[in-house]
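Summary of the model geometry
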Amino acid sequence: MKQLDVVIRNPTGLHARPAKTFVNIAKQFKSDIRVLHGEKKANAKSLISMLTLGAERGSQISILVDGEDEDAAMAEIEAALASGLGEGDQLGQASAVQKPAPESTDGKGQVQPAQASAVQSRSAMPANQIRGIPAAPGIAIGPVFQLKRSEIVIVDESCDDPDEELERLKAAIEKARGQLVLLRKQLLTSNAHSEADIFDVHLELLDDAELLDAVLVKVQKKQSAARAWQSTIETRAQGIAALNDPLLSARAADLHDVGYRVLRILMGADEQGFALPDHPVIVIAQNLSPSDTASLDRSRVLGFCTAAGGPTSHAAIIARALNLPAVVSAGAEILAVDNATQVVLNGIDGTLVIAPSEDVLEQSRQAQHRWQTLRSEAHKSAAQPAVTRDGHRVEVVANIGGLEDARKAVQMGAEGVGLLRTEFLFLDRADAPSEHEQFEVYRDIVLALNNQPVIVRTLDIGGDKPLLYVDVPHEENPFLGERGIRLCLARPDLFRLQLRAILRAAAYGPLRIMFPMVADLSEWRAARALVEELCRDLNAPLPEMGIMVEVPSAALMADAFASQVDFFSIGTNDLTQYTLAMDRMHPKLAGKSDGLHPAVLRLIARTVDAAHKAGKWVGICGELGADPQAVPILVGLGVDELSVSVPAIPTVKAQIRSLDFPASQSLAEQALSCAVAPEVRAMMRV
Ligand code: PEP
Ligand code: MG
């Protein structure tokens, strides 16, 4: 028997993804593999069993391997743990190291979803209008369908023929597997890769050896397959939910979701648990799971509105990938709207109008038409520049996180890269990338852009996204801690290596450097001095250099920075978070943490004024730059460049082409004098 004691350093512990990787490795070996965490013991070949370990970051676990191939199994497990169990960069750094690592007893990391803008006020609205949070753009008009699941009533508690019963169960599992594979494929072709991963987890749960064994034992004792399956799923899901970990609760929901899919098939019930009418509807629900959302029949569902949920939920992300207008977090009152009531769902401004008047209906049809035209025209004219009707040009560039994005950005009409998030190169690994490895990636991205400029943001890491090879002590407030430029200046070895790689790549095309999280002129000076020194060493020309404006102090001091930097790029995700003192990932604050808050707009205006006075340009690289309600205001404020996610490029360009610059300027003026964000959004209603 082999034993390995390790401390889990994955920011989110052994949750679904690393646990799944672990299970997949364990399954390749014949040996018995167990994992111990405190009093708990798990079968390493069962995902559910591994999840119920509740091993968080900092947990000490022991791995016991016993069997004919134990050496090979242990070697592979050890290597996988050292390289982070394959956790993707969305989930931050993931890794485990062999003990001793007694200091790592800090709390959980967090998934970092994208920032969302939202509308929350319920004041000054027509009585028949409910406001939620816009989750996927577009306008849908149609009758309501309240999506409520039919109860599954298990009539047969026992069975006469266990073998036959097990055959029925296996057939149901196979059918469920086929459906999940299809849903996964659909999301992959819509570019919703991480959402497609959810179905990977579902597929893994379907294959869970322990789950199946437990059901088998019950059926052999003549329990009906349906009852045995349901009770096993319930007990396991409750076991995971009882760990009180928000990430694991999501896994409990996944288990429920996939378990009920099989149960419905087994019972011959409606496969989705609800039957859509045979005509197009707008779905209203308390909440939708990812598989609910992905399974919605596009020929019959025009859009959806949920009482709960957030704009960064998987359901919202899937809706965006499937081009399905959606509003979330609209409150329980939507559940009282009768089926077949005519409504207008507006996924751009986040409203649901119930039983609209003829006038509102007409306006909505026009708005819907404008949006559809904009979207289809947008793709046709993606390669054209974004120039307002009266000739004011705004550059539209891409936010990217790798070479694949760079290639897609060019196809989608990007005029360059406004933000290359370099973190992807540093996460998910046990050692820092070498200078050469970094150089090759930066060079390939620069080459992919065919002489269009690429802004490389230096490493923005630390706090919530720790690196295994950078020793950052646990911080109470990671977002206010040693992150971004602060961390790089404190770790010149890491910083120099990255800067040298970037400067070498600059020989292959127009490349600019941008520093994140700059709060103070001294940080800018130190960073610039380092680049100057390295340029001398490398005999390379000095590239253009700028800062991200994402800390309010940088916006307030923009005039002092303006004479020194070559450009500013405003990171509205963080600027909103720090200006409003609202965690950008806080689910309850999602509706209030709005980049269209006049306080944020005033900081943007101040930065633009200071920059233009000094003859410098300003970009926006936060999510706000692609928000259809924000684009006219940002253009009106004089922002010179919008850097947006790759799929948003054509529509942002098309929207700019539909604008009139003086009209946008007066909208911007008006927005600056609003008191709260919902007032700004009300002004921008489409
Ligand atoms: C921002 O803060 O707006 C930004 C673009 O940076 P990130 O989202 O990577 O923090
Ligand atoms: Mg930021």
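Heads up: these notes are all about the structure in this document. (Residues numbered from 1 in each chain as written. Chains lettered and ligands numbered in written order. Predicted model: local features only at pLDDT ≥ 70, side-chain atom pairs only at ≥ 80, totals over all residues. Heavy atoms only, no water.)

1. Focus: the site of ligand 1
Around ligand 1 sit 13 residues in total, of which Arg421, Glu550, Gly571, Asn573 and Arg584 are the nearest. Within the side chain of Arg457, an N or O atom sits 3.0 Å from an oxygen atom of ligand 1. The backbone of Asp574 places a nitrogen or oxygen atom 3.0 Å from an oxygen atom of ligand 1. Listed by contribution, the elements that provide at least two residues to the shell around ligand 1 are β16 (417-421) and α19 (572-580). The element contributing the most residues to the shell around ligand 1 is α19, with three residues. Taken together, the residues of the shell around ligand 1 break down into three nonpolar, four polar and six charged. (Near = heavy atom within 4 Å. Polar contact = N/O pair within 3.5 Å; in protein donor to acceptor, adjacent residues only side chain to side chain. Helix = DSSP H or I, 4+ residues; strand = E, 2+ residues; numbered from the N terminus. Nonpolar A, V, L, I, M, F, W, Y, C, P; charged D, E, K, R; others polar.)

2. Let's talk about the pattern of salt bridges
The final tally for this structure, using the stated rule, is 26 salt bridges. With a closest N to O distance of 3.3 Å, Lys2 and Asp71 form a salt bridge. Here Lys2, found in strand β1 (residues 2-8), pairs with Asp71, found in helix α3 (residues 70-82); they are 69 residues apart in sequence, far enough to count as distant. The exposure class of Lys2 is partly exposed, given its relative accessible area of 32%. For Asp71, a relative accessible area of 52% gives the class exposed. Asp574 is paired through a salt bridge with Arg483; the nearest N and O atoms lie 3.5 Å apart. Here Asp574, found in helix α19, pairs with Arg483, found in the loop between β17 (454-457) and α14 (485-490); they are 91 residues apart in sequence, far enough to count as distant. Each member of the pair, Asp574 as well as Arg483, is classed as buried. (Salt bridge = Lys/Arg side-chain N within 4 Å of Asp/Glu carboxyl O. Buried < 20%, exposed > 50% of the residue type's maximum accessible area, 1.4 Å probe, protein only.)

3. With respect to helix α23 (residues 661-672)
Taking 1.5 Å of rise per residue, the 12 residues of α23 would be expected to cover 16 Å, and the 16 Å separating its terminal C-alpha atoms lies within 8% of that figure. Among all positions in α23, only Phe661, Ser664, Ala668, Ala671 and Leu672 are buried. The arc that holds every buried residue of α23, seen down its axis, measures 95 degrees, which confines them to one face. Against α20 (598-613), α21 (631-636) and α24 (677-683) lie the buried residues of α23. (Expected span 1.5 Å × (residues − 1). Arc of directions from axis to C-beta. Contact = heavy atoms within 4.5 Å.)

4. A look at the packing of aromatic side chains
As enumerated under the stated definition, the model contains four aromatic pairs in all. The interplanar angle of 55 degrees and the centroid separation of 5.9 Å between the aromatic rings of Phe439 and Tyr508 together place this pair among those described as tilted. With Phe439 in helix α13 (residues 435-448) and Tyr508 in the loop between α15 (492-505) and β18 (511-515), this pair connects stretches of sequence that are 69 residues apart. Among the aromatic residues, those joined into a cluster by ring pairs are Phe495, Phe515 and Trp524. Just above the ring of Phe439 sits the side chain of Arg504; from NZ or CZ to the centre is 4.3 Å. (Phe/Tyr/Trp six-rings, centres within 6.5 Å; stacked < 30°, edge-to-face > 60°. Lys NZ or Arg CZ within 6 Å of the ring centre and 35° of its normal.)

5. A closer look at helix α7 (residues 225-241)
Spanning 17 residues, α7 covers 24 Å between terminal C-alpha atoms, matching the ideal 24 Å at 1.5 Å per step. Those residues of α7 that sit buried are Ala225, Ala226, Ala228, Trp229, Gln230, Thr232, Ile233, Ala237 and Ile240.

6. Concerning the nonpolar core
With 93 residues, the main nonpolar core has Phe515, Phe568, Ile604 and Leu642 as its most contacted residues. Sort the elements by how many residues they give to this core and α20 lands first, with eight residues. In contact with Phe568, other than residues within four places in its own chain, are Ile547, Val549, Ala558, Phe561, Ala562, Thr607, Ala611, Trp617, Val618 and Gly619. One finds Ile25, Leu47, Leu206 and Leu211 within the second-largest nonpolar core, a separate group that totals 67 residues. (Core = buried A, V, L, I, M, F, W, Y, C linked by side-chain atoms within 4.5 Å.)

Read these as layout, nothing more, since geometry by itself doesn't imply function.
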